[in-house]
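Chain residues, written in single-letter form:
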Amino acid sequence: MTLKSRPLVSVLRIGLINYNSGLQLQKMLSNQSVDHRWQFHNYLVLQEHNPVYTIGIRTNDYNEEDEKRLRKLGADFYRTNRGGLITFHGPGQLVAYPIINLQQFTPSMRWYVSTLEELIIRTCRELGIAEATRTEHTGIWVKDRKICAIGVHGSRYITTHGIGLNCCTNLKWFEHITPCGIEGKGVTSLTEQLERQVTVKESIEILLKMFTEVFQCQLCEESSNI
(Lines give C-alpha, C1' and ligand atoms only; values in the text may rest on other atoms or scores of the structure.)
Protein backbone atom coordinates (compact mmCIF):
# COMPACT_ATOMS: atom_id res chain seq x y z
CA MET A 1 0.00 0.00 0.00
CA THR A 2 1.47 3.37 -1.02
CA LEU A 3 1.49 6.27 1.41
CA LYS A 4 -1.07 8.16 -0.67
CA SER A 5 -3.52 5.25 -0.59
CA ARG A 6 -3.33 4.75 3.16
CA PRO A 7 -6.40 5.82 5.15
CA LEU A 8 -6.11 9.12 7.01
CA VAL A 9 -6.82 9.16 10.77
CA SER A 10 -7.11 12.37 12.76
CA VAL A 11 -5.65 12.28 16.28
CA LEU A 12 -7.64 14.03 19.01
CA ARG A 13 -5.80 14.54 22.31
CA ILE A 14 -8.66 15.20 24.70
CA GLY A 15 -6.92 14.97 28.07
CA LEU A 16 -8.78 14.17 31.30
CA ILE A 17 -12.58 14.15 30.93
CA ASN A 18 -15.51 12.39 32.55
CA TYR A 19 -16.71 9.19 30.95
CA ASN A 20 -20.08 10.51 29.81
CA SER A 21 -18.42 13.34 27.88
CA GLY A 22 -16.28 10.70 26.17
CA LEU A 23 -19.39 8.72 25.23
CA GLN A 24 -21.03 11.79 23.73
CA LEU A 25 -17.90 12.56 21.72
CA GLN A 26 -17.81 9.01 20.37
CA LYS A 27 -21.46 9.26 19.38
CA MET A 28 -20.89 12.54 17.55
CA LEU A 29 -17.81 11.29 15.68
CA SER A 30 -19.33 7.94 14.70
CA ASN A 31 -22.70 9.29 13.53
CA GLN A 32 -21.36 10.84 10.36
CA SER A 33 -23.73 11.05 7.43
CA VAL A 34 -21.70 9.95 4.39
CA ASP A 35 -22.55 8.53 0.98
CA HIS A 36 -19.29 6.64 0.45
CA ARG A 37 -16.88 4.81 2.73
CA TRP A 38 -13.98 7.10 1.81
CA GLN A 39 -15.94 10.15 2.91
CA PHE A 40 -15.96 8.90 6.50
CA HIS A 41 -13.53 10.91 8.64
CA ASN A 42 -11.53 8.52 10.83
CA TYR A 43 -10.48 9.54 14.34
CA LEU A 44 -8.23 8.24 17.08
CA VAL A 45 -9.42 9.74 20.36
CA LEU A 46 -6.82 9.77 23.16
CA GLN A 47 -7.98 10.57 26.69
CA GLU A 48 -7.97 9.81 30.39
CA HIS A 49 -11.12 9.46 32.46
CA ASN A 50 -12.08 10.46 35.93
CA PRO A 51 -12.57 7.27 38.01
CA VAL A 52 -15.32 5.14 36.46
CA TYR A 53 -16.36 1.50 36.34
CA THR A 54 -17.87 0.43 33.02
CA ILE A 55 -19.60 -2.76 32.07
CA GLY A 56 -20.17 -4.28 28.65
CA ILE A 57 -23.15 -5.96 27.04
CA ARG A 58 -23.02 -8.97 29.39
CA THR A 59 -24.35 -7.26 32.51
CA ASN A 60 -25.79 -10.11 34.60
CA ASP A 61 -22.92 -10.27 37.10
CA TYR A 62 -23.37 -6.73 38.44
CA ASN A 63 -26.72 -5.61 39.87
CA GLU A 64 -27.95 -2.34 41.38
CA GLU A 65 -26.41 -3.13 44.77
CA ASP A 66 -23.02 -3.66 43.14
CA GLU A 67 -23.44 -0.38 41.31
CA LYS A 68 -24.22 1.48 44.55
CA ARG A 69 -21.23 -0.13 46.26
CA LEU A 70 -18.86 0.97 43.52
CA ARG A 71 -20.29 4.48 43.35
CA LYS A 72 -19.67 4.88 47.10
CA LEU A 73 -15.95 4.49 46.36
CA GLY A 74 -16.08 7.80 44.50
CA ALA A 75 -16.31 6.45 40.96
CA ASP A 76 -18.98 6.74 38.28
CA PHE A 77 -20.65 3.62 36.87
CA TYR A 78 -21.86 3.10 33.29
CA ARG A 79 -23.44 0.28 31.34
CA THR A 80 -22.28 0.40 27.72
CA ASN A 81 -22.77 -1.33 24.36
CA ARG A 82 -19.16 -2.48 24.06
CA GLY A 83 -18.03 -6.07 24.28
CA GLY A 84 -16.58 -7.47 27.46
CA LEU A 85 -17.44 -7.35 31.14
CA ILE A 86 -16.51 -4.91 33.90
CA THR A 87 -13.38 -2.79 33.96
CA PHE A 88 -12.06 0.43 35.47
CA HIS A 89 -10.86 3.65 33.84
CA GLY A 90 -9.09 6.39 35.74
CA PRO A 91 -6.26 8.91 35.73
CA GLY A 92 -2.98 7.38 34.62
CA GLN A 93 -4.68 5.05 32.14
CA LEU A 94 -4.45 5.75 28.41
CA VAL A 95 -7.90 5.29 26.90
CA ALA A 96 -7.73 5.15 23.10
CA TYR A 97 -10.86 4.99 20.98
CA PRO A 98 -10.42 4.49 17.22
CA ILE A 99 -13.56 5.78 15.51
CA ILE A 100 -12.85 4.36 12.07
CA ASN A 101 -14.63 2.91 9.06
CA LEU A 102 -13.23 -0.59 8.65
CA GLN A 103 -14.15 -0.55 4.96
CA GLN A 104 -11.16 1.76 4.52
CA PHE A 105 -8.94 -0.81 6.25
CA THR A 106 -10.10 -4.46 6.43
CA PRO A 107 -13.87 -4.98 6.78
CA SER A 108 -13.68 -7.48 9.63
CA MET A 109 -14.24 -7.06 13.37
CA ARG A 110 -12.07 -10.12 13.98
CA TRP A 111 -9.24 -8.42 12.10
CA TYR A 112 -9.87 -5.21 14.00
CA VAL A 113 -9.63 -6.76 17.46
CA SER A 114 -6.53 -8.71 16.45
CA THR A 115 -4.93 -5.51 15.15
CA LEU A 116 -5.71 -3.68 18.41
CA GLU A 117 -4.03 -6.52 20.27
CA GLU A 118 -0.99 -6.23 18.03
CA LEU A 119 -0.95 -2.47 18.59
CA ILE A 120 -0.71 -2.89 22.37
CA ILE A 121 1.81 -5.73 22.21
CA ARG A 122 4.12 -3.62 20.03
CA THR A 123 3.64 -0.58 22.25
CA CYS A 124 4.52 -2.56 25.38
CA ARG A 125 7.53 -4.18 23.74
CA GLU A 126 8.80 -0.85 22.43
CA LEU A 127 8.68 0.41 26.01
CA GLY A 128 10.61 -2.64 27.21
CA ILE A 129 7.99 -5.21 28.24
CA ALA A 130 8.88 -8.22 26.13
CA GLU A 131 6.39 -10.57 27.81
CA ALA A 132 3.25 -8.66 26.81
CA THR A 133 1.09 -11.07 24.83
CA ARG A 134 -2.33 -12.44 23.94
CA THR A 135 -3.96 -15.26 25.89
CA GLU A 136 -7.28 -17.08 25.61
CA HIS A 137 -8.77 -14.12 27.49
CA THR A 138 -9.42 -10.72 25.94
CA GLY A 139 -6.91 -7.94 26.40
CA ILE A 140 -3.13 -7.97 26.67
CA TRP A 141 -1.38 -9.74 29.53
CA VAL A 142 1.97 -9.92 31.25
CA LYS A 143 1.96 -13.45 32.65
CA ASP A 144 -1.28 -13.69 34.68
CA ARG A 145 -1.87 -9.96 35.00
CA LYS A 146 -3.74 -7.79 32.52
CA ILE A 147 -2.01 -4.62 31.43
CA CYS A 148 -4.55 -3.52 28.82
CA ALA A 149 -8.30 -4.03 28.50
CA ILE A 150 -9.96 -4.22 25.09
CA GLY A 151 -13.69 -3.69 24.58
CA VAL A 152 -15.11 -2.60 21.24
CA HIS A 153 -18.35 -2.08 19.39
CA GLY A 154 -18.95 -2.16 15.65
CA SER A 155 -21.97 -1.09 13.64
CA ARG A 156 -21.94 -1.12 9.82
CA TYR A 157 -18.13 -1.29 10.01
CA ILE A 158 -17.91 1.86 12.16
CA THR A 159 -15.98 1.19 15.38
CA THR A 160 -16.41 2.74 18.83
CA HIS A 161 -14.85 2.16 22.26
CA GLY A 162 -11.37 0.61 22.24
CA ILE A 163 -8.54 0.07 24.73
CA GLY A 164 -7.51 1.04 28.25
CA LEU A 165 -3.74 0.76 28.79
CA ASN A 166 -2.58 1.02 32.39
CA CYS A 167 0.34 3.46 32.41
CA CYS A 168 0.61 4.83 35.96
CA THR A 169 -2.92 3.94 37.07
CA ASN A 170 -3.76 3.49 40.75
CA LEU A 171 -4.32 -0.27 40.62
CA LYS A 172 -6.17 -0.33 43.96
CA TRP A 173 -9.36 0.61 42.10
CA PHE A 174 -9.33 -2.85 40.51
CA GLU A 175 -9.43 -4.56 43.92
CA HIS A 176 -13.18 -3.86 44.18
CA ILE A 177 -14.13 -5.83 41.06
CA THR A 178 -13.29 -9.00 39.18
CA PRO A 179 -11.60 -7.33 36.20
CA CYS A 180 -13.25 -8.45 32.96
CA GLY A 181 -14.97 -11.26 34.90
CA ILE A 182 -11.87 -13.43 35.17
CA GLU A 183 -11.28 -15.03 38.58
CA GLY A 184 -7.76 -15.53 39.92
CA LYS A 185 -6.11 -13.00 37.64
CA GLY A 186 -4.63 -9.63 38.47
CA VAL A 187 -3.83 -6.34 36.81
CA THR A 188 -0.59 -4.51 36.26
CA SER A 189 0.72 -1.33 34.66
CA LEU A 190 3.61 -0.08 32.59
CA THR A 191 4.94 1.69 35.69
CA GLU A 192 4.81 -1.46 37.79
CA GLN A 193 6.44 -3.61 35.15
CA LEU A 194 9.22 -1.17 34.26
CA GLU A 195 9.77 -0.02 37.85
CA ARG A 196 9.72 3.64 36.83
CA GLN A 197 7.04 6.25 36.28
CA VAL A 198 5.54 5.80 32.82
CA THR A 199 3.12 8.59 32.03
CA VAL A 200 0.19 8.63 29.65
CA LYS A 201 1.98 11.32 27.65
CA GLU A 202 5.03 9.11 27.12
CA SER A 203 2.87 6.12 26.19
CA ILE A 204 0.86 8.10 23.65
CA GLU A 205 3.92 8.86 21.54
CA ILE A 206 4.86 5.18 21.32
CA LEU A 207 1.27 4.11 20.64
CA LEU A 208 0.93 6.60 17.77
CA LYS A 209 4.08 5.28 16.14
CA MET A 210 2.80 1.70 16.39
CA PHE A 211 -0.70 2.69 15.23
CA THR A 212 0.60 3.87 11.86
CA GLU A 213 2.43 0.57 11.44
CA VAL A 214 -0.28 -1.93 12.36
CA PHE A 215 -3.20 -0.04 10.80
CA GLN A 216 -1.15 1.00 7.74
CA CYS A 217 -2.50 4.53 7.89
CA GLN A 218 -1.49 8.18 7.99
CA LEU A 219 -2.02 10.21 11.17
CA CYS A 220 -2.67 13.93 11.43
CA GLU A 221 -3.10 16.02 14.57
CA GLU A 222 -6.41 17.82 14.91
CA SER A 223 -7.64 20.38 17.40
CA SER A 224 -9.77 18.84 20.15
CA ASN A 225 -12.12 21.84 20.03
CA ILE A 226 -14.65 20.13 17.78
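Counting restarts for each chain, with residues numbered from 1 along the sequence as it is written. Local features in this predicted model are restricted to residues of pLDDT 70 or higher, and side-chain atom pairs are both shown and tallied only at a pLDDT of 80 or more, whereas totals for entire chains, interfaces and linings draw on every residue. For side-chain calculations, the full set of non-hydrogen atoms in the structure is used, while hydrogens and water are omitted.

- UniProt positions are given in the numbering used here, feature names are shortened, and annotations may be inferred rather than shown by experiment. As stated in UniProt under Subcellular location (unreviewed entry), the record for the protein gives "Mitochondrion".
- Turning to the protein, the UniProt record has this under Pathway (unreviewed entry): "Protein modification; protein lipoylation via endogenous pathway; protein N(6)-(lipoyl)lysine from octanoyl-[acyl-carrier-protein]: step 1/2."

Some remarks on the pairing of strand E1 (residues 8–17)
In regular strands, side chains alternate between the two faces of the sheet.
Here comes step 1: Where E1 and strand E12 (residues 218–222) come together, five bridges link them in parallel fashion. For Val11, the partnering residue across the bridge sits in E12 and is Glu221.
Here comes step 2: We treat two strands as partners when DSSP finds at least two bridges between them. The secondary structure listing takes helices from DSSP runs of H or I that are at least 4 residues long and strands from runs of E that are at least 2 residues long, numbered from the N terminus. By the bridge criterion, eight bridges tie E1 to strand E2 (residues 42–49) in an arrangement that is parallel. Residue pairing for E2: Ser10 is matched across the bridge by Tyr43.
Here comes step 3: Between E1 and its parallel partner E2, the chain crosses via helix H1 (residues 19–30), and the hand of that crossover is right-handed. Crossovers are described as right-handed under a simple rule: with the strands pointing away from the observer, the path leading from the first strand over the helix to the second runs clockwise.

Some words on the nonpolar core
Here comes step 1: By nonpolar core we mean a set of buried residues, namely Ala, Val, Leu, Ile, Met, Phe, Trp, Tyr and Cys, connected to one another through side-chain atoms within 4.5 Å. For every residue, the accessible area obtained with a 1.4 Å probe (protein chains only) is divided by the maximum for its type, and the residue is called buried under 20%, exposed over 50%, and partly exposed between those limits. Leu165 and Phe215 are the most contacted members of the largest nonpolar core, which totals 39 residues.
Here comes step 2: Within the residue set of this core, elements represented by two or more residues are E1, E2, strand E6 (93–99), helix H3 (109–127), strand E8 (140–142), strand E9 (145–155), strand E10 (158–166) and helix H5 (200–214).
Here comes step 3: We call two residues contacting when some pair of their heavy atoms lies within 4.5 Å. Setting aside chain neighbours within four positions, we find Leu165 in contact with Gly92, Gln93, Leu94, Ile120, Thr123, Cys124, Ile147, Cys148 and Leu190.
Here comes step 4: By size, the runner-up hydrophobic cluster in this structure holds 13 residues, among which are Ile55, Phe77, Phe174 and Ile177.

Points about the UniProt feature "site: Lowers pKa of active site Cys" (unreviewed entry) in the protein
Here comes step 1: Residues given the UniProt feature "site: Lowers pKa of active site Cys" (unreviewed entry) here are Lys146.
Here comes step 2: Here Lys146 lies in strand E9.
Here comes step 3: A 3.5 Å cut-off defines polar contacts: any pair of N or O atoms within that distance qualifies, except that in protein one atom must be a possible hydrogen donor and the other a possible acceptor, and neighbouring residues in sequence count only when both atoms are side-chain atoms. From its side chain, Lys146 meets the backbone oxygen of Thr138 in a polar contact 3.2 Å long.

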